[in-house]
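As a plain string of letters, each chain reads:
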Amino acid sequence: MKAIRRFTVRPLLPDPLRPLSDLARNLRWSWHAETRDLFQSVDPERWAVSDGDPVRLLGGVRPARLTELAGDRRFLRRLSAAADDLHDYVTGDRWYQAQPRTAGLPAAIAYFSPEFGVTAALPQYSGGLGILAGDHLKAASDLGVPLIGVGLLYRHGYFRQSLSRDGWQQEHYPVLDPNELPVTLLKEDDGTPAQISLALPAGKQLHARVWLAQVGRVPLLMLDSDVEENDLGERGVTDRLYGGGSEHRLLQEMLLGIGGVRAVRTYCRLTGHAPPEVFHTNEGHAGFLGLERIAELGDAGQDFDSALEAVRAGTVFTTHTPVPAGIDRFDRELVARHFGPQAELPRMDVDRILRLGMETYPGGEPNLFNMAVMGLRLAQRANGVSLLHGQVSREMFSGLWPGFDPDEVPITSVTNGVHAPTWVAPEVLRLGARQFGSGRAEDALSVGGSDRWDAVADIPDQDIWELRRELREQLVVEVRRRLRASWRQRGAGTAELGWIDGVLDPDVLTIGFARRVPSYKRLTLMLRDRDRLMDLLLHAERPIQIVVAGKAHPADDGGKRLVQELVRFADDPRVRHRLVFLPDYGMAMAQKLYPGCDIWLNNPLRPLEACGTSGMKAALNGCLNLSVLDGWWDEWFQPDFGWAIPTADGVGTDPDHRDDIEAAALYDLLEQRITPRFYERGQAGLPDRWIEMVRQTLTLLGPKVLAGRMVREYVERLYTPAAHAHRAMSADTARELALWKQRVRSSWHAVQVDHVETSVATTTAELGTTLALRVRVGLGDLTPDDVEVQAVSGRVDEQDRITDATTVPLKPSGGPDLEGRWLYEGPLALDRTGPYGYTVRILPSHRLLASGAELGLVEVPTEEAVEGAGVVLR
């Protein structure tokens, strides 16, 4: 019989146990082993059934057990110690508070993301973007960075994955009740739920409540449209992550960006939290936050242009997408319908809004509104998530900065990191604590520093190898449990599943491959030569075994076919004990999978992997990476701690031929280098060379891949400069900058380089020679205070394009001549041998610009201007 209404009945904790509620509601337990151990001791059996979720655990503990614990002095001492430790953690000074006051760090930063993967108990993520966002919050908490996270609360999350009997992916959307999640409702002082609203066309409203998840020191605000005040359609805005059609996605992103700013303002008003000086847009989905902030300043009396400059100064935009198809783009008319007098932001000119996101550049589609383009136009600082991805992003978005080489496009990079306390197995943590002390081990994981990681060199080989086997054995048990459950879902009876008891072997080289399943990640590359793969799996002396997991997007039938192809191969009775596919990849599975694998495999089409943080998590557990040189691996690969799969970048456009070449290279590495090294034994009966690679992975990669390192880089390189720019942008200053930009843009057509001459007229010169440059320029209505004239020099390629350029500003010599032309002069030192060249250019210049390329304006000499001066030195 089905219930007509559902309630969540919370337990009434005895007074001595009240701190358990506070511990359960702060998600620090998800990365703090002592707190998890405390909850496990409350009721070990129910802890296992609750999948390690303290809220679910406390909701099901018998009252008699609670009474018993309330009188257990030993348990109460542990509870008091845990509560005190949490209090010290959230109130004490940490890295951020120890920085000098002269650094001018921001008082607060608002961090917006469409998904957050903090813990499996709060399933609000789909993949790498969300896990990265969750790790960002946790690392910020560990460092004491005053971050406020902003996202949406999806009542169905992403989706749960299962398989049909023939291996086809099936999606399930369980309903999530916020009352059963580790979140609390944000309330006004009178106890009523805090609520924000957005205006919709035709006089309708979109209302949302705000749920608060406490991530250590960091509050995470999550907006929920499933409230009684909304009509049925509006209630479903936050139903599913990345679900629905274009209008549904647009409403989600308006609620995230515009509603998110309103939620932050409400939270700060109710709690006294410092208002953010910096707003960080994690991917383009939250880009509308800039419009709301412009509207706020408009309500305070600023015009659109000056408000735009003030908003840009304090905004950071991070792109995670290496392919245009991964960016949300909306039809112009759809966006226009949701803004303006009859909808949201009624006092803002719709055409000004549209111009921020339209692809009005060569190669763009002028009728499409691009969320990443808007994100870049609304942020003075932007970054990709690895060095290679920064380069890819500069090329992908170079149309926004015409006239500049991709290398000069103002998009930098901060390579992602992972939150080690979340992803490092408890067994690895215990070994580190035993070797060099728990405090030092915890410090190494959260703060980093190579000196702390050097102690790994002192761990005995035997201990490392025993740990690796223990983790592999745990994975074997976990795989069998999950595989049995999967086959039962596929309709198999118990009598059919005896073979699962022989799946995987804790003494066999184990390879992991787990990620989302878009085509470019090439889930099935390993199947290109099935006979060769089968030989590797079934080798009599050096076998391998592979654990595969991953979800295809519900609308991606191509991805689902890849999953089915892999599953059908794994179902073959000849290999099913050596290769398995585990459905429903998520955080809980990942925390078992990364530590238990010896090799982490990654074979995307280069350079389409923005970063690829799963390999970082594996590395922190002593797993070696086997990957295409893409994302972070391109940046930090060394033969000491892994292998690079050669790529066939120059074989043309035939993807099948490229896949064949790269799959063959993968098989070669496994056959000739990897399996022999794993199975060879030294004098002590241990694989000495393999253990040394594990040691090098931990010592050399460990400090680099930490989210703590990543967040420190954001603070130092992006957040703090953005805070300084924000503080400098008073209303008058913003107006001054806006008027200056308007004047420069309207006058730029008259800017030109009239003539260039040097003191050397030959095409050869000696190293150390200094040329004297003289450049005559026309500035129209502008003055030398508005521009910078630069000499750009460096080595040149076969097309005479300057590479590895050095720029030197030239100085005006006297006033304008009778024709209104200005003379600029300066030295040019020839400090490199070989083919060498130079040019000159004019850029806008203002003290408040973050980059000379910011306006996308540049003037270079015409052929007539450089006649006799276009010297290439060889």
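What you see is a predicted model; the values in this text were computed from it and never measured.

A. Structural detail: the packing of aromatic side chains. For the structure shown, the criterion picks out 20 aromatic pairs. Judged by centre distance (5.0 Å) and plane angle (70°), the ring pair of Y594 and W600 falls under edge-to-face. Of the two residues, Y594 and W600, neither departs from the other in class, the shared state being buried. With a centroid separation of 5.1 Å and an interplanar angle of 85°, the aromatic rings of F678 and W690 are classed as edge-to-face. Residue F678 is located in helix α26 (residues 655-679), and its partner W690 is located in helix α27 (residues 688-701); the two are separated by twelve residues in the primary sequence. With respect to burial, F678 and W690 carry one shared label: buried. Through successive ring pairs, a cluster of aromatic residues spans W465, W643, F678, Y679 and W690. Directly above the aromatic system of W465 lies the positively charged group of R472, at a separation of 5.3 Å from the ring centroid. If you follow R576 out to its NZ or CZ, it ends over the ring of W499, 4.1 Å from the centre.

B. Examining the pairing of strand β2 (residues 147-152) more closely. Where burial is concerned, most of β2 is hidden: six out of the six residues are buried. Burial along β2 is two-sided: the face carrying L147, G149 and G151 and the face carrying I148, V150 and L152 are both buried. Of the pairings in the sheet, the one linking strand β1 (residues 109-112) to β2 comprises four bridges and is parallel in character. In the strand pairing of β2, A110 is matched with I148. With helix α7 (residues 128-143) bridging β1 and the parallel β2, this β-α-β connection has right-handed handedness. Taken together, the four bridges between β2 and strand β8 (residues 218-224) define a ladder with parallel strand orientation. Each residue of the ladder has a partner; that of V150, found in β8, is L221.

Definitions and cut-offs
- Residues numbered from 1 in each chain as written.
- Predicted model: local features only at pLDDT ≥ 70, side-chain atom pairs only at ≥ 80, totals over all residues.
- Heavy atoms only, no water.
- Phe/Tyr/Trp six-rings, centres within 6.5 Å; stacked < 30°, edge-to-face > 60°.
- Buried < 20%, exposed > 50% of the residue type's maximum accessible area, 1.4 Å probe, protein only.
- Helix = DSSP H or I, 4+ residues; strand = E, 2+ residues; numbered from the N terminus.
- Lys NZ or Arg CZ within 6 Å of the ring centre and 35° of its normal.
- Pairing = 2+ DSSP bridges.
- Right-handed = clockwise from strand over helix to strand, strands pointing away.

So yeah, pure geometry; function would need other evidence.
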